[in-house]
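Summary of structural features
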Amino acid sequence: MRETANQFAAQGWDVTVVTIEDESWELDSGVDHTLSEQVDPRVNVVKLPLRREDLETDIRGYSAERAVDPPQWVKSLRERNAESFPEPTFGGWRGALEEAVLRLHRERPADLLLTSCVPYVSLAAAWRLWEEARVPYAVDFRDGWSIDVIDGNIAFGRDSAEGRWEERILGSAISLWTVNDPIAEHYRGHYPEYADRVHVVRNGYDADSAPARPHRPDPDSGLVFGYLGTATFPTNLLRAVLEGWHLAREREPLLANARFEFRGHTGNGSQRGTNRQVEILREAASDGVSFGGPVAKADVAATYGAWDALVLIITGGHYMTSGKVYEYMATGLPIVSAHAADHDATNLLQGRPLWTGAHDVDSESMAASFVKAAHMSVESTDEQYAAAMTHAHQFARESIMAAAVKNLISELQVRKGHTQ
Amino acid sequence: MIDVLFISSSNPPVNLVADTVRLLDAEGARVWYGGTVPSAGKDDELVDVPFADRHRLPRTNLRHAVGLPNGERVWLRNRTDSWLREKARAAHVIVALDNGSIYTVWQLARRNRAARAVFGLSPALASVRELAREGGTPARGSSLPSPSFIAQETLRVARELPASVARALTSRSIMRSSLGAKLWRVPLRAPGVPDRLRVATGRRVAEAMNWAGRRSGAAYALALTATHISDPATKAELLDDSVQQELDRGVVPEHLGDAVQALLAHADESAENGRIDAAAQSLLRALMLGFHRVVHIDQLSSPLAEDAEAYVKPFHRSRAMQTVATTRGRVRPAAPPPTDRPLRLLVMVRANDHFLPQILDRYREHPGVELRYLDLAQHRALRDASSAPLRVLKERLGGDDEYAETVERLLRPHLDWADTVFLDWCLAPSGMLTTIDPGDTRMIIRLHSYEAFTRWTHMADFSRIDDLVFVADHVRDLAEVVVPQLSGPQAPRKPVLHNAMPLNDFARPKTPDARFNLGLVGVGQVAKDPLWAVEVLRLLREEDERYRLWMVGGDMPHKNSRASRNYRNEMEKVLDPLVESGAVLRLGPTDDVAGKLVDLGFILSTSVREGSHNALMEGAASGAVPVVRNWPFYADKANGARTLYPEGWIVETPAAAAERVLQVNASEENWHDNGKLASKYALSTWDWSVVSADFDRLFLGEQK
């Protein structure tokens with residue numbers, strides 16, 4: 001979203017971004033102010049006082065009903081939210097989002113609205129502005145809605161409340177972006193009548209997150225494997241990775257004194273930084289595993305630069321890519337894949353040197369991959385590094401977003417041409 | 001110094017708590033910990049956490065807390081704890097570590113208005129950092145409780161006064177005496193009492209009786225109250241509670257029939273008035289109670305076995321249930337197997353694949369079959385949809401079209417691919433599977449045995465099933481009585497096919513002592529009735545002390561039900577001295593049953609019910625002489641153990657069983673000959689090499 005806004009600004013647009021207050025982000029996935037600093041100063045940011053009530057941790061703000069039975073209260077809240085919009089977590093934001101968008105349009109009429117999901121409730125605001133003021137809109141759908149990217153199943157039918165919303169939104173959108181080809185294909189197959197509106201806009205990586213040539217590994221003081229990302233993957237996946245790590249350290253002398261550092265945001269609300277995944281990581285401390293919390297955007301490159309290999313832990317399969325994979329590729333470091341073999345990340349990594357390959361996740365295959373990566377880290381050549389970086393360059397976010405924004409602007413012009 | 005109070009109502013994540021305490025310490029805070037720690041192991045781990053003070057909060061719930069939400073229960077047992085009150089008054093930050101302790105923190109924060117009150121470790125750390133940034137701590141005790149708090153507390157005391165009086169009059173000592181307990185029935189029967197007051201009194205008396213340990217009295221009080229209530233919903237709820245309390249104790253409830261009737265009546269009334277949700281809820285409860293495992297599975301008898309027709313009559317008479325059981329059929333008949341390509345066979349199961357390995361192996365390799373295997377439990381969406389009884393009922397009652405759409409979306413791709421679907425076990429997935437019209441795909445479900453005693457067969461639409469496969473005639477007979485759809489014009493075919501068992505490997509030479517060893521393989525369910533085997537052993541040992549009973553298999557799981565636990569406790573008492581003396585050997589679970597059978601000269605089937613009793617068939621194949629109790633659930637029916645096995649194997653009583661063993665064992669040669677005959681019979685009747693032809697016919701039709 002930041003890069004998209006910057007690209008519009010760079011092309012001379014007057015851009016307003018509607019988001020929620022910093023404290024609300026803090027309550028949810030956390031907030032990185034160094035990231036906000038990179039927003040083009042010409043972009044106007046409007047922060048709405050919306051927050052996820054279910055994540056509230058100040059008990060003084062609880063009603064007696066909530067305090068007595070928190071799960072039941074949250075269940076009722078979700079039901080109430082879903083009455084406004086079929087998204088139990090965020091549905092209740094619908095009114096405020098619609099009002100804000102209408103108000104902003106009154107103050108400064110907009111030519112285009114681009115909405116990004118999640119949450120999907122923002123689609124309601126796009127629709128309202130379209131209905132009341134005929135402001136064209138596009139949807140940056142990211143992982144899509146009607147496809148469950150984790151399980152690979154259809155998430156809901158066209159006759160469900162969600163299905164009716166999705167169809168309505170797609171019916172008038174000028175463009176629909178998804179993060180990968182499988183999701184795009186799902187939409188093209190599901191809504192053949194709108195197939196030409198569907199575009200793949202990959203996440204890509206920020207050039208400033210890529211380290212300079214990483215340091216030379218020092219097996220004597222211990223190789224360091226790293227994971228940087230949100231630690232919200234299923235616990236059984238994490239356990240299999242850690243079991244594999246344990247076995248690899250037992251079997252491979254290069255790994256005997258190796259460390260495995262996890263960094264990133266994890267958990268939200270009362271569990272922020274202290275969820276079950278962190279507990280599992282703490283339990284693996286004797287295997288050199290540690291959890292170091294979030295890394296500010298400005299420090300990302302340095303964090304990667306201090307590691308010798310990366311571990312790509314992602315849930316899901318065919319329909320899932322995850323933004324991490326681009327950033328990982330751009331480090332030039334060996335990558336251990338800890339995800340299903342049939343995964344979109346596999347498609348991207350195919351052909352990259354310094355990659356262990358993807359073999360589904362069980363402790364034995366993970367152990368073999370860790371051993372392989374350990375050797376790659378000490379034996380890799382400058383040529384392999386250069387080839388890995390060349391492989392990554394095609395995914396630089398700035399150029400991906402610049403092309404996507406240009407394309408969207410021309411789609412808008414074509415649409416205007418049709419309607420004039 | 002910033003004082004922080006952690007409150008926990010369950011096992012805390014010790015490592016994370018320890019990390020946070022260290023971080024708080026670095027910020028200049030000290031941490032007190034008050035927790036209800038259920039497990040001793042966790043308590044030990046907490047010793048290493050550098051708390052300034054640690055205190056165990058009360059763990060016993062108060063009588064009047066029974067039935068309240070967890071948060072309130074935790075608070076009620078904590079609120080008089082002097083350590084907690086003292087620390088809560090002094091704390092600058094009060095922290096709930098889990099959902100259960102939130103209400104306690106909420107209450108304490110109303111008494112100490114200056115303290116911050118937060119949920120979670122990170123928020124605790126953030127609060128302390130904020131306080132430190134603000135340069136100090138607010139003066140302790142600077143704030144009195146709020147006026148609204150005082151008002152509410154006063155109101156609460158006033159409101160609870162009659163209850164307090166009632167509690168005094170229903171104290172444990174009074175209710176423990178029969179006279180006291182009986183006296184309380186009087187107001188429950190009294191005429192002219194408004195429903196609301198009667199219900200409140202009935203519940204109070206039940207609570208008191210439970211508290212005094214008079215469990216059946218409590219259930220009786222609820223049922224008695226229900227008989228004087230006219231509102232169908234309230235009546236059903238009271239009887240439901242009464243019956244559930246008894247089931248929780250592992251007892252077959254006296255008022256089970258009344259509860260089922262009341263729930264069905266409420267379901268009928270709700271459905272007629274368009275309240276589909278309430279109708280489905282009531283119907284589901286009626287089915288859950290009526291077909292509860294405590295009543296039919298974890299007992300040595302079942303009202304279904306005694307008189308199935310009478311037992312299911314109330315269900316069949318319910319109009320709501322009739323709507324659910326209305327057949328919807330299929331638009332097109334199943335297509336015949338393809339002739340130009342292999343048959344596409346989809347084998348479907350939900351987790352329990354115990355009876356499938358041979359079938360899967362055979363048809364994976366079969367040139368005429370392309371096999372796919374789908375374990376519903378392995379796919380989140382399918383797992384959820386295949387265990388959604390309430391949604392199935394709502395859909396059948398016309399109140400949940402979305403469920404049918406979901407099932408359509410999830411299953412249609414599989415149905416489009418498959419020529420034939422074979423679902424093993426007629427349990428929850430059968431309801432899902434028959435929610436949608438299968439098109440021209442042939443649908444087969446296999447019903448083993450215990451499914452006939454569950455609610456699931458009442459939630460499937462068998463008009464959409466082509467073949468309902470049984471493993472024995474007697475199970476089919478019972479299912480036909482219980483489920484009218486199985487006899488109607490749209491009924492599926494009902495072939496009987498033996499289970500797929502490779503028996504060849506079981507025929508091995510016996511050890512010399514085998515002829516005095518009785519084997520009971522599989523003892524993990526009440527229905528196996530191992531105590532019957534013990535009685536046989538006792539009678540035999542009166543004649544000859546060389547006889548021993550070998551029990552193979554895992555024990556009855558404690559989690560099944562209290563009824564199962566009761567049987568097991570009784571069994572353990574009987575077995576302990578016998579194991580000690582060497583008369584009984586408990587071998588536990590094994591992967592090598594064939595290896596164990598070489599030591600066994602006799603194989604017993606002592607069950608009260610079985611489908612086909614595979615372990616007995618394996619034993620017979622091994623050359624152990626079968627001794628089969630005439631399974632009482634089916635003893636007086638047209639089919640049963642008597643018709644499934646050769647007549648000579650069957651006995652009616654432990655005495656007859658002992659007599660058969662002694663007769664067979666009159667000489668070693670006689671025993672040997674009998675074993676050989678049994679083995680020959682088993683191998684020629686039940687071995688997979690024979691039975692597989694029946695499966696070929698089932699899936700592929702008559703082969704030319």
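Remember, it's a predicted structure, so these values are computed and weren't measured experimentally.

Focus: the domain arrangement of chain B
The assigned domain composition of chain B is domain 1 (2–148), domain 2 (160–323), domain 3 (343–486) and domain 4 (504–686). Between the C-alpha centres of domain 1 of chain B and domain 3 of chain B there is a distance of 50 Å.

Concerning the sheet that holds strand 13 (residues 584–588) of chain B
Residue and element names in this part refer to chain B. Here six strands make up an open sheet; going across it, the order is 13-12-11-14-15-16 and the pairing parallel. Each edge of the open sheet is held by one strand with a lone partner, namely strand 13 and strand 16 (650–651). Contacting strand 11 (517–521), strand 12 (548–552), strand 13, strand 14 (602–605), strand 15 (625–629) and strand 16, helix 26 (residues 530–543) crosses the sheet at an angle of about 160° to strand 12. Set on the sheet, helix 27 (residues 562–581) makes contact with strand 12 and strand 13; between it and strand 13 the angle comes to about 110°.

Looking at the sheet that holds strand 1 (residues 2–8) of chain B
Adjacent strands of a sheet pair through backbone hydrogen bonds, lying either parallel or antiparallel. Residues and elements named next belong to chain B. In spatial order, the strands read 3-2-1-4-5; together these five strands make up an open sheet with parallel pairing. The two strands at the open ends of the sheet, each matched to only one other strand, are strand 3 (53–56) and strand 5 (116–119). The sheet shows a mean angle of 20° between the axes of neighbouring strands, taken without regard to direction. Across seven bridges, the pairing between strand 1 and strand 2 (residues 29–35) is parallel. Opposite I2, over in strand 2, you have A29 as the bridge partner. Seen against the sheet, helix 5 (residues 99–111) touches strand 1, strand 4 (93–96) and strand 5 and runs at an angle of roughly 155° to strand 4. Where helix 6 (residues 121–133) meets the sheet, it contacts strand 1, strand 2, strand 4 and strand 5, and its direction lies at approximately 150° from that of strand 5.

Let's talk about the UniProt feature "domain: Glycosyltransferase subfamily 4-like N-terminal" (unreviewed entry) in chain A
Under the UniProt annotation, the feature "domain: Glycosyltransferase subfamily 4-like N-terminal" (unreviewed entry) is placed at residues 2–204 of chain A. This span, residues 2–204 of chain A, is 43% helix and 14% strand, and a straight line between its end C-alpha atoms measures 13 Å.

Points about the pattern of salt bridges
Residues and elements named next belong to chain B. Scanning the model with the defined rule gives 74 salt bridges over all chains in all. We note a salt bridge from R275 to E269, for which the minimum N-O separation is 3.0 Å. Judged by relative accessible area, R275 falls into the partly exposed class, the value being 37%. Between D400 and R391 there is a salt bridge, with its nearest N and O atoms 2.7 Å apart. Classification of D400 as buried rests on a relative accessible area of 9%.

Considerations on helix 11 (residues 195–211) of chain B
Its 17 residues give helix 11 of chain B an end-to-end C-alpha distance of 24 Å, which sits within 8% of 24 Å, the value for a rise of 1.5 Å per residue. Every buried residue belonging to helix 11 of chain B is among B:R198, B:V199, B:T201, B:G202, B:V205, B:A206, B:E207, B:A208, B:M209 and B:N210, and all of these are buried.

So, the nonpolar core
Core analysis: the biggest nonpolar cluster contains 145 residues, and B:Y645 and B:F699 have the highest contact counts within it. Of all the elements, helix 15 (residues 276–290) of chain B adds the most residues to this core, at eight residues. Apart from residues lying up to four places away in sequence, B:F699 is in contact with B:P337, B:L343, B:L345, B:I359, B:Y363, B:T420, B:F422, B:R442 and B:I444. One finds A:F262, A:L281, A:L312 and A:I409 within the second-largest nonpolar core, a separate group that totals 120 residues.

The rules we used
Residues numbered from 1 in each chain as written. Chains lettered and ligands numbered in written order. Predicted model: local features only at pLDDT ≥ 70, side-chain atom pairs only at ≥ 80, totals over all residues. Heavy atoms only, no water. Domains from an automatic or database assignment. Pairing = 2+ DSSP bridges. Helix = DSSP H or I, 4+ residues; strand = E, 2+ residues; numbered from the N terminus. Contact = heavy atoms within 4.5 Å. Axes fitted to C-alpha atoms, helices over the stretch in contact; angles between N-to-C directions. UniProt positions renumbered as here; feature names shortened; annotations may be inferred. Salt bridge = Lys/Arg side-chain N within 4 Å of Asp/Glu carboxyl O. Buried < 20%, exposed > 50% of the residue type's maximum accessible area, 1.4 Å probe, protein only. Expected span 1.5 Å × (residues − 1). Core = buried A, V, L, I, M, F, W, Y, C linked by side-chain atoms within 4.5 Å.

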